[in-house]
Amino acid sequence: MGKNNPGPIQGAFRGDQRPAGDLAVGRNAVLELLKGKREVECVYLWEEDPSKGQPLSRIAGMARERGIPVKRVDVRKLEHLAGGLHHQGVVAVAAAFSYSTLEEILARAGEEPPFLVLADGIEDPHNLGAIIRTAEAAGAHGLIIPKRGGVGLTPIVGRTSAGAVEHLPVARVPNLTAAIQQLQKRGIWVYCADMGGQPWDQTDLRGPLALVVGSEGFGVSRLVRETCDGAVSLPMCGKVNSLNASVAAGILLYEAVRQRTGSASPSHQK
């Protein structure tokens, strides 16, 4: 999977906050971005819109038609995003990398049992990047993330993945629950990481498998948890009651690797 880089877009963060080329700042720049084919992570609109004109409403409508999240923010947020450029009440963040489709990821598995990771609402780009890096190293066939409620393929995600994002396909789906149901129809078992699940080393992770990791603060969402075939938990023997999302993902991924490379594991039945 290569970078989707048609050329710089107006706007950049100062310093090392965000590399140039992934922001569109101002109404015309954002409109042109939305008219094009480049993936867009999010559109930020001034919550007050003192002009009361049509341009921002048109931008919001175009974004929603493409399924792009639209967030209303205060002027300080826009000024921070724009990095000193005249934002005119709107800033858009374009994807730094191209996305794959769910079907492309499943096709990548070929004759092997599919081995997938789903990120449910991961908001920290460093965590998502670390998950991508570990998933690629563990031999996963792809990662699935939601269009809303989590970070996308930003430059920070790419840097944290240490280049793994160039090799591990990432699909961005409108509804994670619907994607899980689609996987289940294809015979793929879906397990989420949850403190109320069965012990991680007593769960069969050898066959067609998708592991769901929840957000940093809230874990896996209720509907996703109810849709999964089961849940797996990690022992918490110390004073803290949770692990970093990328750490939990790494442990579960490599337990799956251990089982899938020949070690015995409990059986499950559909």
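So, how was this worked out
Residues numbered from 1 in each chain as written. Predicted model: local features only at pLDDT ≥ 70, side-chain atom pairs only at ≥ 80, totals over all residues. Heavy atoms only, no water. Core = buried A, V, L, I, M, F, W, Y, C linked by side-chain atoms within 4.5 Å. Buried < 20%, exposed > 50% of the residue type's maximum accessible area, 1.4 Å probe, protein only. Helix = DSSP H or I, 4+ residues; strand = E, 2+ residues; numbered from the N terminus. Contact = heavy atoms within 4.5 Å. Pairing = 2+ DSSP bridges. Axes fitted to C-alpha atoms, helices over the stretch in contact; angles between N-to-C directions. Parallel < 35°, antiparallel > 145°, perpendicular 65-115°, else oblique. Left-handed = near helix turned anticlockwise from the far one by under 90°. Salt bridge = Lys/Arg side-chain N within 4 Å of Asp/Glu carboxyl O.

Our next topic: the nonpolar core. Ranked by size, the top nonpolar core spans 37 residues in total, and within it Leu128, Ile132, Leu143, Leu153 and Leu211 carry the most contacts. The greatest single-element share of this core, amounting to six residues, is contributed by helix α9 (residues 245-260). Residue contacts for Leu128: discarding those within four places in its chain leaves Ala119, Ile122, Leu143, Ile145, Val151, Gly152 and Val157. In terms of nonpolar packing, the next biggest core, distinct from the first, is built from 21 residues, Ile144, Leu176, Val220 and Cys228 among them.

Attention now goes to the sheet that holds strand β1 (residues 23-25). Spatial ordering of the open sheet is given by β1-β4-β2-β3, a layout of four strands whose pairing is mixed. The open sheet has two free edges, formed respectively by β1 and β3 (70-73), since each of these has just one partner strand. Strand-to-strand twist of the sheet, defined as the mean angle between neighbouring strand axes without regard to direction, takes the value 20 degrees. Contacts from helix α2 (residues 55-65) reach β2 (40-46), β3 and β4 (90-94) within the one sheet, and its direction differs from that of β2 by about 155 degrees. The strands touched by helix α3 (residues 75-82) are β1, β2, β3 and β4; relative to β2, the strand with the most contacts, the crossing angle is about 135 degrees.

Right, let's get into helix α1 (residues 27-35). For α1, every residue scored as buried is listed here: Arg27, Ala29, Val30, Leu31, Leu33 and Leu34. Packing partners of the buried residues in α1 comprise β1, β2, α2 and β4.

Before going further, it helps to examine the packing of α1 against α2. It is at 10 Å that the axes of α1 and α2 come closest, and there the two elements cross at 25 degrees. Overall, the two elements α1 and α2 adopt an arrangement that is roughly parallel. Note on packing geometry: the crossing formed by α1 with α2 is left-handed. Across from Arg27, Val30, Leu31, Leu34 and Lys35 in α1, the residues of α2 making contact are Pro55, Leu56, Arg58, Ile59, Met62 and Ala63.

If the charged atoms of two oppositely charged side chains come close together, the side chains can form a pair. All chains considered together, the criterion is met by eight salt bridges. Lys35 serves as the salt-bridge partner of Glu32, at 3.4 Å between the closest nitrogen and oxygen. Taken together, the residues span about one helical turn, with Glu32 and Lys35 both in helix α1 at a distance of three residues. With a shortest N-O distance of 3.1 Å, Glu226 and Arg222 are connected by a salt bridge. Separated by four residues within a single helix, Glu226 and Arg222 lie in helix α8 (residues 222-227), roughly one turn from each other.

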